[in-house]
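Summary of the model geometry
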Amino acid sequence: MCRFFSIILLLVSLQATCQSFSSRKVKEMLTTLTDSTKVAYINENFYEIYSADFNLAKDLTNQAIKISESHRWKNQQAYALMNHGIVTYLKGEYAESLPAYLSSYELFDSLKDFSGMALVCIEMANYYRKNGHLEKKYAFLDSAEKWSLKAEDEFTLAKSYGMRATFLYNDDLIDEAKEYYLKNYEAYKAMNHQVGLGYVLLDLAKYAQRDGNLKLALSYVDESTTIRTKLDDRQGIAENKLLLGNLMLQEKKYKKAIIYFQECISYGLKIEYPDLVRKGYSAVSTVSKLIGDHKKAMIYQDSAYILKDSLFNLNRTQTIENLQTRYETSKKEQQIEVQQARLSEQQALINQNRILIAGLILLALLIVVIAFLLRNKLKKQQLLILRKKE
């Protein structure tokens, strides 16, 4: 019981330090905008919004979805749905995330927006990676690259390279992964895409860490942190803190490692990123064990387990399968309805053609009969004329 209260106090005290970001100003500013400007602002600034506050991002993407749907702005609605899928995924709300992705893809597909389709496929690939679906994650990534090439979209193609590199790295295909990370880095560098560079530099730092090159790893993390600080990317900064902690742990600099892990937890709580907070708790627990602080290790370990249970419960896989099955069933029903509608249209057209052909035949017969009658009449008139002459 004592340990339980210690966990609660830890969570509350950390949460209390994480309220510096206020959504009030953003919400007040949005009230002055027209519907079209508001939706455009939310979609175009989604990265900045969610990297600072997940809950605000969730609320605003919901607003953008409703406004877009009411005005029938399909393109804006598709982006709002995709963004909603991203932020709910990051919050661990997977049952809400998947339907948003599927609806977004359907809208982009109806618009033949190949870039949009590619972006959703990248996010869905990551979603299925998180949920342990090996075949689906690569299948969606293949689709992302296909649509990127069809759209001739360098950004989405670069993003798909980065995601593939991550998948390969996690699957222990290190050499293949590095090739894609470098392609990803060169593409973002050529575009001067700061957000993308922030991500890929962190990935390259992990490679340097794996190779035991601490100096190079720290250099990459510093470069990434500089970019992410300028962007006020709190999610990215938190991820960088986590890696810095791991680098210090590798060097057995335990006090520095704990500081970085605590900072990671602080940022994670601030933006309400539960999976990152879980990793931070687990890391602090590991270091605490190494320095002999077993009580602290146990508290943080229990905190990590609480979050893990909420994120990775036993029913989640079944829920995801049910959602996917429901979507596929709905799609099949829609396809059947469309096919039936087309068949009905074709049958109606066939019936119309039959009526038209029958009418033409009747008309032709009528013309033949009239011609025959006229011919007979003319013959009778000619006979009468001949008889009179005689």
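Placed above this text is the structure.
Structural notes, computed from the coordinates. (Residues numbered from 1 in each chain as written. Predicted model: local features only at pLDDT ≥ 70, side-chain atom pairs only at ≥ 80, totals over all residues. Heavy atoms only, no water.)

1. A short note on the nonpolar core
Judged by nonpolar contacts, the single largest core of 95 residues is most densely connected at Y50, M124, Y181, L247 and Y281. If you tally residues by element for this core, the top one is helix α8 (residues 114-130), at 10 residues. In this structure M124 touches L98, Y101, L102 and F140, once residues within four positions along its chain are discounted. (Core = buried A, V, L, I, M, F, W, Y, C linked by side-chain atoms within 4.5 Å. Buried < 20%, exposed > 50% of the residue type's maximum accessible area, 1.4 Å probe, protein only. Helix = DSSP H or I, 4+ residues; strand = E, 2+ residues; numbered from the N terminus. Contact = heavy atoms within 4.5 Å.)

2. Quick notes on the packing of aromatic side chains
All chains considered together, the criterion is met by 18 aromatic pairs. A ring pair is formed by Y181 and Y207, whose centres lie 5.6 Å apart and whose planes are at 80 degrees; its orientation type is edge-to-face. With Y181 in helix α11 (residues 174-191) and Y207 in helix α12 (residues 194-210), the pair connects residues that are 26 residues apart, well separated along the chain. The burial state of Y181 is the same as that of Y207; both residues are buried. By way of ring pairs, the aromatic residues Y89, Y94, Y101, Y127, Y128 and F140 are connected into one cluster. Positioned above the aromatic ring of W147 is the side chain of K146, whose terminal nitrogen or guanidinium carbon lies 4.3 Å from the ring centre. Lying across the ring of Y161, K183 places its NZ or CZ 4.4 Å from the centre. (Phe/Tyr/Trp six-rings, centres within 6.5 Å; stacked < 30°, edge-to-face > 60°. Lys NZ or Arg CZ within 6 Å of the ring centre and 35° of its normal.)

3. Regarding the pattern of salt bridges
Applying the stated criterion across every chain, the model contains 17 salt bridges. We note a salt bridge from R210 to D172, for which the minimum N-O separation is 3.4 Å. On the criterion of sequence distance, the pair formed by R210 in helix α12 and D172 in the loop between α10 (154-170) and α11 is long-range, its members being 38 residues apart. With a relative accessible area of 45%, R210 lands in the partly exposed category. (Salt bridge = Lys/Arg side-chain N within 4 Å of Asp/Glu carboxyl O.)

4. Considerations on the side chain of T61
Tracing the sequence through the fold places T61 in helix α5 (residues 54-71). Relative accessible area serves as the criterion here: at 1%, T61 is assigned to the buried category. For T61, the contacting residues outside a window of four places in its chain are I42, F46, A80, N83, H84 and V87.

5. A word on unusual backbone geometry
A negative phi holds for most residues other than glycine; trans holds for most peptide bonds. One non-glycine residue, N192, adopts positive backbone phi at about 55 degrees. Within the secondary structure, N192 sits in the loop between α11 and α12. In the Ramachandran plot, D232 falls in the positive-phi region, its phi being about 55 degrees despite a non-glycine side chain.

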